[in-house]
Amino acid sequence: MTRNQWKQPVLAIADDFTGANDAGSGLARAGARVNVLFDVAAEVADAQADVWVISTDSRAVSAETAAQRTRLAVERWAEKVRGGWIFKKMDSTLRGNPGAETEAALLASGAAAALVVPAVPKLGRTTREGLCYIHDRLLTATEYASDPKTPVSNASVLARLQEQSELKAGLLPLSTVRKPDLAASMAAAIAEGQRLIVVDAETDEDLLHIMRAAAALPARPLLAGASGLSDALSDLLTESDEAKASLSAPLSPQSTVLAVVGSMSEIARQQISRLQQRYPLQLIDVSIQQIFNGEGADAPWRQQAINALQQGQHCVIRTCQQASQREEIDALCAQYGLTRQQLGEQICAFLAGLTRDVLSDVQPAGLYLSGGDVAIAVARGLGAEGFRIMGQVAGCVPWGQLLKSKNDLLVLTKAGGFGDENTLVEVFRFIEEKAGE
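Predicted model only: the values in this text are computed from it and were never measured.

So, about the pairing of strand β6 (residues 125-128). The sheet contact formed by β6 and strand β7 (residues 131-134) spans 4 bridges and is antiparallel. Each residue of the ladder has a partner; that of arginine 128, found in β7, is leucine 131. Connecting the antiparallel pair β6 and β7 is a turn made up of 2 residues, with glutamate 129 showing a positive phi of about 50°.

Here it is in structure tokens:
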């Protein structure tokens, strides 16, 4: 599908940068021209796009602030997608402010109801009877219950929504989802006054069936979900096309990559470990204690990274080396008199400055950013106002270029908990190959 054939405009609102990229990737793969903007007020010279994705950077703010940013995003950008779809990107593990943001997007959009579908089956995230599971483990039994910034204490999608919204809500379980007349069940729920309708899904086929039913409704609902639902939207919009844009690229093993990993997730640690088994690389462990003790400016991290890249060696900068560090967040906050959000913001600001300093001296083939807060901080630190999505790697890693940045580097972003242990290996292979074109 070429860009001028794209007929269905889409507006997506996400609560962080990597989530915004996740929402746009499936649509980019389907042939849409996708622009991701860092905030509601962003102004970009190139105003042409089929899909606009707005990051409200609202995952860790108050529910009131999150709702306000979401409402403003929909009100400002909805006109660009008149006649198309509005998609509220939510975290598949229910972090952040899903109730406040979904309600705000729904009311601003004027839709009768929101279909809330957080499942991403290809990443092991499913919903049954309205409960979220990660690889068949209840959400509250996984590491997301102790997320450093926005821990989740309830696996029920309905309960999470109703913590922040008084709109009437309901559930369409799998037994209903898999019936041929799903659209009729959706219409009946809307007629009963349900505004927030949670819809179960365990497979990609479930998600596509949900999207087909949504498209059959007399009036378009608001879509609220994770990358699984946005991918299903892409599939719906391209069902009649013979081919989709390819996201693969040839490899070149001699190129260097700078990776900045701020995520504390277990899968991020596994990905780095597997990468070390496949590539000789410079692994730089940034000490959070040294950052807050004022020793960061004198640490050798910047020069180590520059030396490695100049010598043709991949470089990975990380802040988490052990799983136990997740449990030390509260102690660090108490030690330095900071909230979790303030602690995270200062760490991200340091990593942004470190990355900018490294790139001022050496230009690698690509820049990989893991963790939404780190990714947006680094991108802003490089002077960018947005992100042009050009494709996707490994099923969960968008790639493209920063908008309005003086640096035209190939950039890839990933939410911390996404992917499997081979994801980072696939990313490095892709960057090497892309550099060899």
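This next bit is on the nonpolar core. Membership of the largest hydrophobic core comes to 86 residues, with the highest contact counts inside it found for Val34, Trp85, Ile210, Leu233, Leu258, Ile317 and Leu367. Considering each element in turn, this core owes the most residues, 8 residues, to helix α13 (residues 340-361). Once residues within four sequence positions are removed from consideration, leucine 258 is found in contact with Leu309, Cys315, Ile317, Thr355, Val358, Leu359, Pro364, Gly366, Leu367 and Tyr368. In this structure, Met90, Leu106, Leu139 and Leu196 belong to the second largest nonpolar core, which totals 33 residues.

So, on to the sheet that holds β6. Taken in spatial order, the 3 strands line up as β6-β7-β8 in an open sheet, and their pairing is antiparallel. Edge positions in the sheet fall to β6 and β8 (137-138), since each has one partner strand and no second.

Time to look at the confidence of the model for the chain. For the chain, the mean per-residue pLDDT works out to 88, and 92% of the residues sit at or above 70. Under a pLDDT of 50 for its full length, residues 240-253 has, in the predicted model, 32 contacts with residues more than four places off or in other chains.

With the rule as written, the count across this model stands at 23 salt bridges. The salt bridge partner of aspartate 15 is arginine 59, with a shortest N-O separation of 3.1 Å. Of the two residues, aspartate 15 is situated in the loop between β1 (10-14) and α1 (17-29) and arginine 59 in the loop between β3 (51-55) and α2 (63-77); the sequence distance between them amounts to 44 residues. For the pair formed by aspartate 15 and arginine 59, the shared burial category is buried. A salt bridge links glutamate 163 to arginine 160; its shortest N-O distance comes to 2.4 Å. Using a relative accessible area of 8% as the deciding quantity, one classes arginine 160 as buried.

All right, on to the packing of helix α9 (residues 266-278) against helix α15 (residues 423-435) then. It is the contact of α9 with α15, at a shortest axis distance of 7 Å, that shows an interaxial angle of 55°. Here α9 lies oblique to α15, going by the angle between them. Every residue of α15 that contacts α9 at Gln271, Ile272, Arg274, Leu275 and Arg278 is listed here: Thr423, Leu424, Val425, Phe428 and Arg429. The class makeup of the residues in the contact of α9 with α15 is 5 nonpolar, 2 polar and 3 charged.

The next subject is the environment of threonine 176. In this fold, threonine 176 is placed in helix α5 (residues 174-177). Judged by relative accessible area, threonine 176 falls into the buried class, the value being 15%. The spacing of threonine 176 and arginine 388 is 212 residues in sequence and 38 Å in space, taken between C-alpha atoms. Sequence-distant contacts of threonine 176, that is, excluding residues within four places in its chain, are made with Leu182 and Ser185.

Our focus in this paragraph is the packing of aromatic side chains. For the coordinates displayed, the defined rule picks out 6 aromatic pairs. Both rings, one in phenylalanine 17 and one in phenylalanine 38, keep their centres 5.0 Å apart while their planes meet at 80°; by these two values the pair is edge-to-face. In this pair, phenylalanine 17 sits in helix α1 while phenylalanine 38 sits in the loop between β2 (34-37) and β3, placing the two residues 21 residues apart along the sequence. For phenylalanine 38, a relative accessible area of 1% puts it in the buried group. Ring plane angle 90° and centroid distance 5.7 Å describe the contact between phenylalanine 17 and phenylalanine 387, whose orientation is recorded as edge-to-face. One end of the pair, phenylalanine 17, is in helix α1; the other, phenylalanine 387, is in strand β16 (residues 386-393), with 370 residues separating them in the sequence.

The buried fraction of strand β18 (residues 410-414) is high, at 5 of 5 residues. Of the two faces of β18, the one carrying Leu410, Leu412 and Lys414 and the one carrying Val411 and Thr413 are both buried. Here 5 bridges tie strand β15 (residues 366-370) to β18, and the two strands are oriented parallel to one another. Bridge pairing in β18 links leucine 367 to valine 411. Note that strand β17 (residues 397-403) and β18 share 2 bridges and pair antiparallel. Residue glycine 400 lies in a different strand from β18, and its bridge partner there is valine 411. Between β17 and β18, which follow one another and run antiparallel, lie 6 residues, and lysine 404 among them has a positive phi close to 70°.

Tracing the chain through its elements places serine 146 in the loop between β8 and α4 (157-162). For the pair formed by serine 146 and glutamate 327, sequence separation is 181 residues and the distance between their alpha carbons is 8.0 Å.

Conventions adopted
- Residues numbered from 1 in each chain as written.
- Predicted model: local features only at pLDDT ≥ 70, side-chain atom pairs only at ≥ 80, totals over all residues.
- Heavy atoms only, no water.
- Pairing = 2+ DSSP bridges.
- Helix = DSSP H or I, 4+ residues; strand = E, 2+ residues; numbered from the N terminus.
- Core = buried A, V, L, I, M, F, W, Y, C linked by side-chain atoms within 4.5 Å.
- Buried < 20%, exposed > 50% of the residue type's maximum accessible area, 1.4 Å probe, protein only.
- Contact = heavy atoms within 4.5 Å.
- pLDDT = per-residue confidence, 0-100.
- Salt bridge = Lys/Arg side-chain N within 4 Å of Asp/Glu carboxyl O.
- Axes fitted to C-alpha atoms, helices over the stretch in contact; angles between N-to-C directions.
- Parallel < 35°, antiparallel > 145°, perpendicular 65-115°, else oblique.
- Nonpolar A, V, L, I, M, F, W, Y, C, P; charged D, E, K, R; others polar.
- Phe/Tyr/Trp six-rings, centres within 6.5 Å; stacked < 30°, edge-to-face > 60°.

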